[in-house]
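Fold and geometry: a report
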Amino acid sequence: MPDNAAAAPARSPSQGLPAWLRLPLALAAGVVIGLGQAPYDLWYLAFPGYVAALWLALAAPRGTRLGLTGWTVGLGYFGFSMNWIVEPFMVDAAATGWMAPFGLIGLAGGLAIFWALAFALAGRAGRHRAAVLVVGWSVVELARAYLLTGFPWALVAYVWAPVSVIQWVSVIGPHGLTLATLGSAALIAVALRPGPARRRAGLAAAVLLALLAGGGLLLTPPPQDLAGRPVVRLVQPNEPQHQKWDPAMIPVFTKRKLEATAAPAAEGLEAPALIVWPETSIPDLLHRAGPFLETVDELAGPAQVIVGVQRADQGGYYNSLVVIAPDGAVGGLYDKHHLVPFGEYMPAAEFFARWNIAGLAARAEGGYSPGPGPQVISLGALGVALPLICYEAVFPQDVNGAPLRPDMLVQITNDAWFGTFSGPFQHLAQARIRAIEQGLPMLRAANTGVSAVIDGAGRILAQLPLGVAGHVDAPLPPPLRRTLYSRTGDWPVTIALLLAVATLLQARRRPARPESD
């Protein structure tokens, strides 16, 4: 054997991978990562999936263009975890079913572009590839929460939703936890590669993971004493979307809601002080619903009732929430402000109209009009509530945008649009995370489920399963102490990422130091 054979650098295992194999492995890694989302909640498989994706990127030879690898990881992840996106198109399959595959491919492929950008930057980094990929990936996850109205569904941090690590969102928010998650996964990926840094990386990964796990346990508040707390009732009529506006079925669903409103208190609990109906649960526009609201008020007795309703005025058509006070008057009004593109309004409606493409929920030209923004509503002795209608509970920044800290979060939603498998459970998981971020209870009334009373630690105290008609009574949890994230929002992690980008740019300008033997 030649004398210089011992001095030859060790080859990384992936350098022997042909390009045709690297991409299937990237796709598989993305699918495995998707197993971390509800209803699977297999975080112990999803986190190694992140390690695998990072390992593929870090071990690739210098000069490898990694953008396609990152896009393929994202395609597997978003395509698998967001397959529920086909469900809205299938409600009226004859009219919109043809859009379903385009919706899934378009959404998954479009979101994967964000991940492709991070991987592409890492491929050009040379040195510090791991740091560039972690920072870049965290930056694009933050960007997709804000750009083009934002879509922060299935963020990296949500892999921890089933375990106590998710409590870190109360301190550093979901994007801070994303950075910590990718950082720990990258350290493990470095430790799995040959080289002098593997031992230090392995030790650092162990320390960071121990901090995430131990800190999550310490940050988890103990269960609250709910004795003497006012009782709330959540109404779930279970109206399948294809029947919701059927004239023959409206009386059936209306009877379910009225009977649930008038039902006696649950055994061992006082009569409800607040009753919550789901999104668009009044079968008429608000200005024509006066007699119906009076009936609801009469059946509710002294309780206040929150209902979802559509309303119209000269300014437009709105997806709204109103509070029916004990005297039958409308005591509070909120118009949804963060609308679903292509679902509740059509961007560039005139352009798409040329091809007869309209929004799935459009009721007027261009769909709903947005309300003025996050607002709170008074519920009298119960305190102040921040209303969230359906999709708005997906956005941490919308909850942080409230004009003052409320006493509770109230989400009304129609998850019948999301089908019966993954969509409703992912939506519920994100509602839990909003409660943890704010340290506030969440009252979640969903048309088909899952309706739930959630405390400020994200614990589900009472719920109605998916696809069940009925109601559930439970004590209203008090708010916890104000969290750090509720005070700072995403500013700390944004500044940290900007500083990290500046540091990496500065390091790129420095000449590489010769490696020691």
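Every value quoted in this text rests on a predicted model; they were computed, and no experiment measured them.

Rules and cut-offs
- Residues numbered from 1 in each chain as written.
- Predicted model: local features only at pLDDT ≥ 70, side-chain atom pairs only at ≥ 80, totals over all residues.
- Heavy atoms only, no water.
- Pairing = 2+ DSSP bridges.
- Helix = DSSP H or I, 4+ residues; strand = E, 2+ residues; numbered from the N terminus.
- Axes fitted to C-alpha atoms, helices over the stretch in contact; angles between N-to-C directions.
- Contact = heavy atoms within 4.5 Å.
- Domains from an automatic or database assignment.
- Buried area = accessible area lost by both parts, 1.4 Å probe.
- Salt bridge = Lys/Arg side-chain N within 4 Å of Asp/Glu carboxyl O.
- Polar contact = N/O pair within 3.5 Å; in protein donor to acceptor, adjacent residues only side chain to side chain.
- Nonpolar A, V, L, I, M, F, W, Y, C, P; charged D, E, K, R; others polar.
- Buried < 20%, exposed > 50% of the residue type's maximum accessible area, 1.4 Å probe, protein only.
- Parallel < 35°, antiparallel > 145°, perpendicular 65-115°, else oblique.
- Left-handed = near helix turned anticlockwise from the far one by under 90°.

The next point concerns the sheet that holds strand β5 (residues 330-335). Taking strand neighbours across the sheet as the criterion, the six strands line up as β5-β4-β3-β2-β1-β12 in an open arrangement whose pairing is mixed. Two strands lie at the open edges of the sheet, namely β5 and β12 (470-475), each paired on one side alone. Sheet twist, expressed as the mean angle between neighbouring strand axes with direction ignored, is 30°. Here strand β1 (residues 231-236) pairs with strand β2 (residues 274-276) via three bridges, running parallel. Across the sheet, the residue bridging to R233 is I275, located in β2. Packed on one face of the sheet, helix α10 (residues 250-262) meets β1, β2 and β12 and runs near 165° to β1. Each of β2, β3 (304-313), β4 (316-324) and β5 touches helix α11 (residues 290-300); the most contacted strand, β4, lies at about 25° to it.

We note that the domain assignment places domain 1 (19-221 + 490-509) and domain 2 (231-338 + 373-479) within the protein. Spacing between the C-alpha centres of domain 1 and domain 2 amounts to 33 Å. Across the contact, 27 residues belong to domain 1 and 25 residues belong to domain 2. Both faces combined, the contact of domain 1 with domain 2 buries some 2,400 Å², and carbon together with sulfur accounts for 64% of it. Counting across the interface, domain 1 meets domain 2 through zero salt bridges. Remark: the boundary between domain 1 and domain 2 carries eleven residue pairs in polar contact (both at pLDDT 80 or more). Elements with a contribution of two residues or more to the side of domain 1 that touches domain 2: α4 (87-90) and α8 (169-191). The leading source of residues in the side of domain 1 that touches domain 2 is α8, at three residues. Split by residue class, the side of domain 1 that touches domain 2 holds 18 nonpolar, eight polar and one charged.

Tallied over the entire structure, the rule returns twelve salt bridges. E239 serves as the salt-bridge partner of K257, at 2.8 Å between the closest nitrogen and oxygen. Of this pair, K257 sits in helix α10 while E239 sits in the loop between β1 and α10; the two residues are 18 residues apart in sequence, bridging distant segments of the chain. On the accessibility criterion, K257 (3% relative accessible area) is buried. When its relative accessible area of 2% is taken as the criterion, E239 is described as buried. Three or more residues are tied together by salt bridges with common partners; here these are E239, K244 and K257.

Let us look at the packing of helix α2 (residues 43-59) against α8. It is the contact of α2 with α8, at a shortest axis distance of 8 Å, that shows an interaxial angle of 60°. What the angle tells us is that α2 and α8 run oblique. Two packed elements cross with a definite hand, and for α2 against α8 that hand is right-handed. Residues F47, Y50, V51, L54, W55 and L58 of α2 form the contact with α8, whose participating residues are T181, L182, S184, A185, A186, I188, A189 and V190.

This brings us to the environment of R62. Relative to the helices and strands, R62 is located in the loop between α2 and α3 (67-81). Along the backbone, R62 and L293 are 231 residues apart, and their C-alpha atoms lie at a distance of 67 Å.

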